[in-house]
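These are the residues of each chain, in order.
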Amino acid sequence: MNRILILSAACALGLSACATRAPSDAQLTQLLRRDGAAATDANAPLDAAAVSCLRVWSDDAELAKDLPTGARGDDAKNKCRLRLDGWLADATRNPEKFAFKEVSAPPVVRRAVALLAAHAPAATSDPGEPPAALTNALRAPEPVRGGPVDQFGSAGFDLKRAEDLCQQAQQLAAAQGPESSLRRFANYCGRSLRQLRASMKTFSNRGGNLEQMDRLGGEARKLADVAEQALAEAQQK
């Protein structure tokens, strides 16, 4: 009888072994790593949306308190749960077959949050600088003006994360010269996010389908990842 069957039998008998099973940091990293990261990379960057999903499902008010309201809605919760269920069923991510209940337990989620910060991508040369044609305006960055994102479903969470990171970039860029890569990125992300928010609002008001909103959410997610890398580089200088 293998380890999984033994644990299942213990749970069925009401023994305590099943209650103490939790992934290690290495196993959490393997499960929650970003797409494209190697399964064997012990320092792989974690997927921020996946970690946020676990925060929502942890039923821990402290873990979920900083998340946007839209991320805590039933639609967003169910959608992110489906994504994580797919990862849990993937043997390359979850060879030990941890269950969702085990990885969404508050102590495990707190470690996932810590690993997300600890495994943030290292700065590289101009890691997320967009093409020069998109960043030729060297004026002071216009502030990102956010607003309610509940109506955008799970895409609203991606938009809010991108807006928060872009605001951080703008604040840091304010002290830098007009030709700094961070300042140019701050201009770019501000314009892009205003356009994304306007598009999401249009689709939402017109009853746009989930595929359209998902595409916009994916664009916001990519922009957030670039902002995260740009901030990491600027803060190390």
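Residues numbered from 1 in each chain as written. Predicted model: local features only at pLDDT ≥ 70, side-chain atom pairs only at ≥ 80, totals over all residues. Heavy atoms only, no water.

It is worth spelling out the overall build of the protein at this point. Counting its regular elements, the protein contains 10 helices and zero strands. Starting at the N terminus and ending at the C terminus, the protein contains elements arranged as α-α-α-α-α-α-α-α-α-α. Among the 237 residues that make up the protein, the fraction classed as buried is 43%. Restricting to contacts in the protein with at least 6 residues of sequence separation, those with at least 24 account for 70%. By element, 54% of the accessible surface of the protein is carried by carbon and sulfur atoms, the whole surface being about 12,400 Å². (Helix = DSSP H or I, 4+ residues; strand = E, 2+ residues; numbered from the N terminus. Buried < 20%, exposed > 50% of the residue type's maximum accessible area, 1.4 Å probe, protein only. Contact = heavy atoms within 4.5 Å. Areas by Shrake-Rupley, 256 points an atom, 1.4 Å probe, with all protein chains shown as cover.)

We now examine the environment of Ser58. With respect to the helices and strands, Ser58 occurs in the loop between helix H3 (48–57) and helix H4 (61–64). Its relative accessible area of 6% is what places Ser58 among the buried residues. The spacing of Ser58 and Ala105 is 47 residues in sequence and 5.6 Å in space, taken between C-alpha atoms. In contact with Ser58, other than residues within four places in its own chain, are Leu63, Ser104, Pro106 and Val109.

So, on to the packing of aromatic side chains. All told, the structure shown has two aromatic pairs when counted by the stated rule. Here the aromatic rings of Trp57 and Phe100 are separated by 5.7 Å at their centres, their planes lie at 90°, and the arrangement is edge-to-face. Of this pair, Trp57 sits in helix H3 while Phe100 sits in helix H6 (residues 100–103), and the two are 43 residues apart along the sequence. A ring pair is formed by Phe185 and Tyr188, whose centres lie 6.2 Å apart and whose planes are at 55°; its orientation type is tilted. Remark: Tyr188 and Phe185 occur in helix H9 (residues 181–205); sequence separation between them is three residues, near one turn of the helix. (Phe/Tyr/Trp six-rings, centres within 6.5 Å; stacked < 30°, edge-to-face > 60°.)

Below, the discussion takes up empty space enclosed by the protein. Where empty space is left can be seen by rolling a probe of water-molecule size over the atoms. Within the structure shown, the criterion is met by one cavity of 30 Å³ or more. Considering only enclosed or pocket space, the largest cavity measures out at about 60 Å³ in volume. In this structure, the largest cavity is lined by Pro23, Gln27, Leu28, Gln30, Leu31, Arg93, Asn94, Pro95, Glu96, Phe98 and Val103. Considering every element that reaches the lining of the largest cavity, the biggest residue donor is helix H2 (residues 25–32), with four residues. (1 Å grid on protein atoms, 1.4 Å probe; cavity = no way out; pocket = protein on both sides within 12 Å on 5 of 7 lines; lining within 4 Å. Points joined across faces, edges and corners; volume = space filled by probe spheres on them.)

Following both chains from N to C, one finds helix H8 (residues 154–173) and H9 inclined at 155°, their axes separated by 9 Å at the closest point. Judged by the angle between their axes, H8 and H9 are roughly antiparallel. The handedness of the crossing between H8 and H9 is left-handed. Packed against H8, whose contacting residues are Ala155, Leu159, Ala162, Glu163, Cys166, Ala169, Gln170, Leu172 and Ala173, the element H9 presents Leu182, Arg183, Phe185, Ala186, Cys189, Gly190, Leu193, Leu196, Arg197 and Met200 at the interface. Considered class by class, the residues forming the contact of H8 with H9 number 14 nonpolar, two polar and three charged. (Axes fitted to C-alpha atoms, helices over the stretch in contact; angles between N-to-C directions. Parallel < 35°, antiparallel > 145°, perpendicular 65-115°, else oblique. Left-handed = near helix turned anticlockwise from the far one by under 90°. Nonpolar A, V, L, I, M, F, W, Y, C, P; charged D, E, K, R; others polar.)

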